[in-house]
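What follows is the residue order along each chain.
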Amino acid sequence: DTGVSQNPRHKITKRGQNVTFRCDPISEHNRLYWYRQTLGQGPEFLTYFQNEAQLEKSRLLSDRFSAERPKGSFSTLEIQRTEQGDSAMYLCASSFLAGGRGHEQYFGPGTRLTVT
Amino acid sequence: GDSVTQMEGPVTLSEEAFLTINCTYTATGYPSLFWYVQYPGEGLQLLLKATKADDKGSNKGFEATYRKETTSFHLEKGSVQVSDSAVYFCALGPGGSYIPTFGRGTSLIVHP
């Protein structure tokens, strides 16, 4: 178990460019979550998948944001036409849901996005 | 919608002092509750959890009790160490119909 990994760790891009981030969850985990975190705030939920199905995406910040998990393993988060306000840390987490309650999430180290 | 409110930081304590970090939540029903910790330069990691009312979660000397009557999940530790210096996040969900919701975090600084 190597934990949740995210790539890249840092991304600097110019306003208007598209960016894509990748998350590799813990291999046996069936749920994958994306969050945005800004300085001094807690993680803000964006979307999540159960296996390859995206079960909640109404919290994505705008239609410029999209996420995929095509084979139920790794996931990508894409931001199109980036804006300076998109600068933040983007976190991925995974968990294993097998019924019941209280399934904890395992977080990756995050991808820090800077839009210039 | 659901929300989590944490006490503002930073909380500054001397080693061996007693710690309380307050957390209250707003949600319909009884979500699972969590405390996560983020040490400097590291990712968030689970500290403890409670899945139903009156449950007590505990780990590494930290405790929190799920109080449905006050919708609270306060974090306590009897004697803090310098190594406990970190940012602590209270959260509800996921599970059932609950979207995971985090508080804004409370920074703890422990001096020798």
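Quick look at the structure, then. (Residues numbered from 1 in each chain as written. Chains lettered and ligands numbered in written order. Predicted model: local features only at pLDDT ≥ 70, side-chain atom pairs only at ≥ 80, totals over all residues. Heavy atoms only, no water.)

**Things to note about the overall build of chain B**
Broken down by element type, chain B carries zero helices and 12 strands. When the helices and strands of chain B are read in sequence order from the N terminus, they spell out β-β-β-β-β-β-β-β-β-β-β-β. Over its C-alpha trace chain B gives a radius of gyration of 13 Å, about what one expects of a compact globule, namely 13 Å for 112 residues. Seen through its C-alpha atoms, chain B measures out along the principal axes to roughly 45 × 25 × 20 Å. (Helix = DSSP H or I, 4+ residues; strand = E, 2+ residues; numbered from the N terminus. Rg over C-alpha atoms; globule rule 2.2 N^0.38 Å.)

**Quick word on the sheet that holds strand 9 (residues 75-77) of chain B**
All names here are of chain B. Taken in spatial order, the four strands of this open sheet run 3-9-8-7, and their pairing is antiparallel. Of all the strands in the sheet, just strand 3 (19-21) and strand 7 (56-59) have a single pairing partner and so form its edges. The average undirected angle you get between the axes of adjacent strands in this sheet is 15 degrees. Relative to strand 9, strand 8 (residues 62-65) runs antiparallel, the two sharing three bridges. Across the sheet, glutamate 63 pairs through a bridge with glutamate 76, a residue of strand 9. (Pairing = 2+ DSSP bridges. Axes fitted to C-alpha atoms, helices over the stretch in contact; angles between N-to-C directions.)

**Quick look at the nonpolar core**
Residue and element names in this part refer to chain B. Residues Leu19, Trp35, Leu47, Leu48, Phe73, Leu75 and Tyr88 are the most contacted members of the largest nonpolar core, which totals 27 residues. Counting residues per element, the ones that place at least two in this core are strand 2 (11-14), strand 3, strand 4 (23-26), strand 5 (33-38), strand 6 (45-50), strand 8, strand 10 (86-92) and strand 12 (106-111). The greatest single-element share of this core, amounting to four residues, is contributed by strand 10. Residues contacting tyrosine 88, with those up to four places away along its chain left out, are Gln6, Ile21, Trp35, Tyr36, Val37, Leu47, Phe62, Leu75, Gly105, Thr106 and Leu108. (Core = buried A, V, L, I, M, F, W, Y, C linked by side-chain atoms within 4.5 Å. Buried < 20%, exposed > 50% of the residue type's maximum accessible area, 1.4 Å probe, protein only. Contact = heavy atoms within 4.5 Å.)

**Section: the state of the cysteines**
The tally for this structure, following the rule as stated, stands at two disulfides over all chains. Each disulfide pairs two cysteine sulfurs, and for Cys23(A) the partner residue is Cys92(A), the sulfurs being separated by 1.8 Å. Given an S-S torsion of about -65 degrees, the disulfide between Cys23(A) and Cys92(A) has left-handed geometry. In this pair, Cys23(A) sits in strand 3 (residues 19-24) while Cys92(A) sits in strand 9 (residues 88-95), placing the two residues 69 residues apart along the sequence. On the accessibility criterion, Cys23(A) (0% relative accessible area) is buried. Here Cys23(B) engages in a disulfide with Cys90(B); their sulfurs sit 1.9 Å apart. Residues Cys23(B) and Cys90(B) are joined by a disulfide whose S-S torsion is about -70 degrees; by sign, that bridge is left-handed. Separated by 67 residues along the polypeptide, Cys23(B) in strand 4 and Cys90(B) in strand 10 bring together distant segments of the chain. (Disulfide = S-S within 2.5 Å.)

**Some thoughts on the interface of chain A and chain B**
Facing 19 residues of chain A, the contacting portion of chain B comprises 20 residues. In total, chain A and chain B occlude about 1,600 Å² of area from one another, counting both sides; carbon and sulfur atoms represent 55% of this. In this assembly, chain A and chain B are joined by one salt bridge. Scanning the region where chain A abuts chain B turns up two residue pairs in polar contact (both at pLDDT 80 or more). Of the residues in the side of chain A that touches chain B, the class split is six nonpolar, eight polar and five charged. (Buried area = accessible area lost by both parts, 1.4 Å probe. Salt bridge = Lys/Arg side-chain N within 4 Å of Asp/Glu carboxyl O. Polar contact = N/O pair within 3.5 Å; in protein donor to acceptor, adjacent residues only side chain to side chain. Nonpolar A, V, L, I, M, F, W, Y, C, P; charged D, E, K, R; others polar.)

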